[in-house]
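The residues making up each chain are set out below.
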Amino acid sequence: MPSSLRAALAAMLATSVLAGCTVGPNFRRPAPPGDAAYLAPGETRRPASGPLAVTGEGPALRWWTAFGSPELDALVDQAIARNASLEASNATLAAARQQIAAARGRQLPQVDADARVDHEQVNLAAYGFNTGTGNPEFNLYSIGGGVSFDLDLFGGNRRRVEQSVAQAETQLRQTQAAHLTVAGQVVNQVLLIAAIRAQIATADAILAEDQRNVDLTQKRRQGGEGTLVEVLNAQSQYQDDRGDLPQLDQQLAEARHLLATLVGVSPASLGATDFDLARLSLPAQVPVTLPSALVHKRPDILQAEARLHDATAAVGVATAQLYPDITLGATVTQGSPNLGDLLNGAFRGFDVFGGVTAPLFHGGTLKAEQRAAIDQARAADAAYRQTVLDAFRQVADLLQAINSDARSVANQQQAVDVAQRSLGLSRRSFQVGNSGILQVLESERLYQRASSNLVDAQARQYLNVARLYVATAGGWTGPATDGA
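Residues numbered from 1 in each chain as written. Predicted model: local features only at pLDDT ≥ 70, side-chain atom pairs only at ≥ 80, totals over all residues. Heavy atoms only, no water.

1. So, the overall build of the protein
Across its full length, the protein carries ten helices and six strands. Computed over the C-alpha atoms, the radius of gyration of the protein is 38 Å, more than 25% above the 23 Å expected from 2.2 N^0.38 for a compact globule of 484 residues. With the principal axes as the frame, the protein shows a C-alpha extent of 140 × 60 × 45 Å. For the protein, with 484 residues in total, the buried portion stands at 40%. Restricting to contacts in the protein with at least 6 residues of sequence separation, those with at least 24 account for 84%. With the model as given, the accessible surface of the protein reaches about 25200 Å², and the carbon-plus-sulfur share is 53%. Of note, the protein has its 40 positive side-chain charges centred 6 Å away from the centre of its 46 negative side-chain charges. (Helix = DSSP H or I, 4+ residues; strand = E, 2+ residues; numbered from the N terminus. Rg over C-alpha atoms; globule rule 2.2 N^0.38 Å. Buried < 20%, exposed > 50% of the residue type's maximum accessible area, 1.4 Å probe, protein only. Contact = heavy atoms within 4.5 Å. Areas by Shrake-Rupley, 256 points an atom, 1.4 Å probe, with all protein chains shown as cover. Lys, Arg positive; Asp, Glu negative; His and termini not counted. Charge placed at Lys NZ, Arg CZ, Asp CG, Glu CD.)

2. Quick notes on the nonpolar core
Of all hydrophobic cores here, the largest spans 65 residues; its most connected members are W63 and V187. For this core, the secondary structure elements donating two or more residues are α2 (70-82), α4 (156-222), α5 (228-242), α6 (245-263), β4 (285-289), α8 (299-320), α9 (365-431) and α10 (437-471). Contact partners of V187, with chain neighbours within four places excluded, come to W63, W64, F67, L72, V76 and A466. Listed in part, the 14 residues of the second largest apolar core include I206, L216, V440 and L454. (Core = buried A, V, L, I, M, F, W, Y, C linked by side-chain atoms within 4.5 Å.)

3. Observations concerning the sheet that holds strand β6 (residues 348-357)
Strand order in the open sheet formed by four strands is β2-β3-β5-β6, and the pairing between neighbours is antiparallel. Sheet topology places β2 (110-121) and β6 at the edges, where each strand pairs with a single neighbour. In this sheet, neighbouring strand axes are inclined to one another by 20 degrees on average, regardless of whether the strands run parallel or antiparallel. Relative to strand β5 (residues 325-336), strand β3 (residues 137-150) runs antiparallel, the two being bridged by ten bridges. For Y141, the partnering residue across the bridge sits in β5 and is S336. (Pairing = 2+ DSSP bridges. Axes fitted to C-alpha atoms, helices over the stretch in contact; angles between N-to-C directions.)

4. Examining the packing of α4 against α6
Viewed as axis vectors pointing N to C, α4 and α6 meet at an angle of 160 degrees, and their least axial separation amounts to 9 Å. Of the possible angle classes, the one that applies to α4 and α6 is roughly antiparallel. As α4 packs across α6, the resulting crossing turns out to be left-handed. (Parallel < 35°, antiparallel > 145°, perpendicular 65-115°, else oblique. Left-handed = near helix turned anticlockwise from the far one by under 90°.)

5. Details of the packing of α9 against α10
At a minimum axis distance of 7 Å, the contact between α9 and α10 shows a crossing angle of 160 degrees. With respect to α10, the element α9 is oriented roughly antiparallel. Between α9 and α10 the crossing geometry is left-handed. Of the residues that constitute the contact of α9 with α10, the class distribution is 22 nonpolar, 14 polar and five charged. (Nonpolar A, V, L, I, M, F, W, Y, C, P; charged D, E, K, R; others polar.)

6. Some thoughts on the pattern of salt bridges
Counted by the stated rule, this structure contains twelve salt bridges. In this structure, the salt-bridge partner of R116 is D118, at a minimum N-O distance of 2.8 Å. (Salt bridge = Lys/Arg side-chain N within 4 Å of Asp/Glu carboxyl O.)

7. Topic: α5
The end-to-end C-alpha separation of α5 is 21 Å, in line with the 21 Å expected for 15 residues at 1.5 Å each. Within the span of α5, buried status applies to E230, V231, A234, Q237, Y238 and D241. In a view along the axis of α5, the buried residues occupy a sector of 125 degrees, so they form one face of it. α5 presents V229 and D240 as exposed residues on the side facing more than 90 degrees away from its buried surface. Lining the buried residues of α5 we find α4, α6, α9 and α10. (Expected span 1.5 Å × (residues − 1). Arc of directions from axis to C-beta.)

8. As for the packing of aromatic side chains
Throughout the structure, instances matching the rule amount to six aromatic pairs. Between F67 and Y469, the aromatic rings sit 6.4 Å apart at their centres with planes inclined by 70 degrees, giving edge-to-face as the arrangement. Here F67, found in the loop between β1 (52-56) and α2, pairs with Y469, found in helix α10; they are 402 residues apart in sequence, far enough to count as distant. As far as the burial class goes, F67 and Y469 line up, both buried. Following the ring pairs from residue to residue traces out a cluster consisting of W63, W64, F67, Y462 and Y469. (Phe/Tyr/Trp six-rings, centres within 6.5 Å; stacked < 30°, edge-to-face > 60°.)

9. With respect to the environment of L280
Tracing the backbone through its elements, the reader meets L280 in the loop between α6 and β4. Linking L280 and Y447, residues 167 residues apart in sequence, is a C-alpha distance of 25 Å. Those residues in contact with L280, other than ones at most four positions away along the chain, are F67, S69, L191, A194 and Y462.

10. Looking at the environment of L322
Within the secondary structure layout, L322 lies in the loop between α8 and β5. A relative accessible area of 24% means that L322 is categorised as partly exposed. Between the C-alpha atom of L322 and that of D310, which follows or precedes it by twelve residues, the distance is 19 Å. For L322, the contacting residues outside a window of four places in its chain are P359, L366, K367 and Q370.

Okay, here's the thing in structure tokens:
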């Protein structure tokens, strides 16, 4: 390389060191909220029984193991490994990280090489020469390269790199949220299946009671103590209660089909899903993340924060477009009509250049783009604050819910006990002739309603505990969460 070219490149690199101005606002992470609790003092009420929410570090990585079901754990693991939506999210994250490398590459000198072979005929007559032998025809071999470097005086490229990092961070948090959501959906479907199976078991038990009433009225009629009306009333109740079973079966099938989709298999390949609420356990304590820590842990909040960072960097990119841009570069070319002379120094040429591009008039476009970027950053800031408020509201609702659920389960259990006792007394009273079948059927309807409400309350309690784990950013097992 000629000494003059080396000197020019050295000057270019020295100049780049001096270029350190980066326009636009620097991103500052939003301060955590000062709230120490999610509920107001008057709202906090310790349940007499059931899970107790304990504020601290928050859920463990594999929070779903708290329900004590190895089968549930296996399904969540399978969903995280095979769910197609998660696979797409992971691939999108990988692509976003590659965009960071692409943006950083544009900060470095851009070096290109070229080589070509030309077969030429020079038109000497066009320049006033008349050789009498015609225009010469020959081959031309050339090889060379060039380097160019954008000084980035006002930090436009640096802001683009920052923006790419923020965009990858956004995708990372979206991927985390997707893993957390899928895990929560699998747990919810398992709990829903267990609840529907409990409803089916309750319906079967009610049908058994209905059949007892039918048998009892038929025996009384055969003994001359009952009437056909009593038999028909009992049979009508049996047929009416039996009509609920097909819908429960349909709900169970749909719940299984959605669970299969979540774990990445077809419904035919899902296997047995004999989940039972009685074989699941409620955790004695539910760890809840502190409000000040939740904003730095919950994926949707972190995603909103990354979008704010992205929008802030975009202001810098738009601002840099208002200032001049300086590009330095050099090229060197070896060209010879003979292939053997291609590397001969006598056939070498080079060029060192510097260029300045300054915006003079763009019809207000560049200023409008800067103002738009500022407005978008304001919108991202408002969206972040709203996301935090929505998250706090969701956690507060669920904290209230698990307190209310514990009382509801206790109340419904008492209602079942009373209704069951009433049904037994009504049936004995009917057997000895002190009351009619309508009183028995009414007691049975009360028992049926109480039993169904108890199952609903128990299922709701399990579901709200699972939702609280998700709302307070339970762990996930996706790609590593180190810096994007």
